Amino acid sequence: MHELSICGSIADIVARRAAGRRVTKIHVQIGQLRQIVPDTLVYCWSMVSAETQFDGAELVVDRVPARIRCRDCEETTEVGDIPLLVCTACNGISVSVVSGEEFMVTSMDLAEV
Ligand SMILES: [Zn+2]
């Protein structure tokens, strides 16, 4: 499953940043175009993190809507629920993705020592 490998990456990133401190909450930003289901990700995280140093750390998923910029009319528009990369202003298909491909650990909360 896609989400499982992502959880593995999250664990790697957080382990490096936490440097042995206890983590209570992890905030991740996931772009809409990543095709990741937040609920599935949270569920996978609970499995991946169990009995590791991150056991009990809560994963908070922040979804970033996909936005595209049209090279023809220069309009920046938000992509709907079905991520079609077509300009909604002029129906042009010469577009570049402005946002929606994010995958990053934005912040994390550490336990008080
Ligand atoms: Zn356009």
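Residues numbered from 1 in each chain as written. Predicted model: local features only at pLDDT ≥ 70, side-chain atom pairs only at ≥ 80, totals over all residues. Heavy atoms only, no water.

Colleague: With reference to specific residues and values, describe the coordination of the zinc ion.
Modeller: Protein-derived ligands of the zinc ion are Cys-70 (SG), Cys-73 (SG), Cys-87 (SG) and Cys-90 (SG), with the metal-ligand distances lying across 2.2 to 2.4 Å. With 4 donor atoms in place around the zinc ion and angles of 105 to 115 degrees between them, the coordination shape is tetrahedral. Along the chain, the residues donating to the zinc ion fall in the pattern C-x2-C-x13-C-x2-C. With Cys-73 in the loop between β3 (67–70) and β4 (76–78) and Cys-90 in the loop between β4 and β5 (95–99), the pair connects residues that are 17 residues apart, well separated along the chain. (Donors = N, O, S within 2.8 Å, 3.2 Å for Na, K, Ca; no water. Tetrahedral: all angles 85-135°; square planar, octahedral: opposite > 155°, others 65-115°. Helix = DSSP H or I, 4+ residues; strand = E, 2+ residues; numbered from the N terminus.)

Colleague: Explain the nonpolar core to me, and be specific about the residues and the numbers.
Modeller: In this structure, Ile-10, Val-14, Val-23, Ile-26, Val-28, Leu-41 and Trp-45 are the most contacted members of the largest nonpolar core, which totals 19 residues. Every element with two or more residues in this core is listed here: α1 (2–18), β1 (23–31), α2 (38–49) and β6 (103–110). Setting aside chain neighbours within four positions, we find Val-28 in contact with Ile-10, Leu-41, Leu-59, Val-60, Val-61, Asp-62, Met-104, Val-105 and Thr-106. Ranked by size, the runner-up nonpolar core spans 6 residues in total, among them Ala-66, Val-79, Cys-87 and Val-95. (Core = buried A, V, L, I, M, F, W, Y, C linked by side-chain atoms within 4.5 Å. Buried < 20%, exposed > 50% of the residue type's maximum accessible area, 1.4 Å probe, protein only. Contact = heavy atoms within 4.5 Å.)

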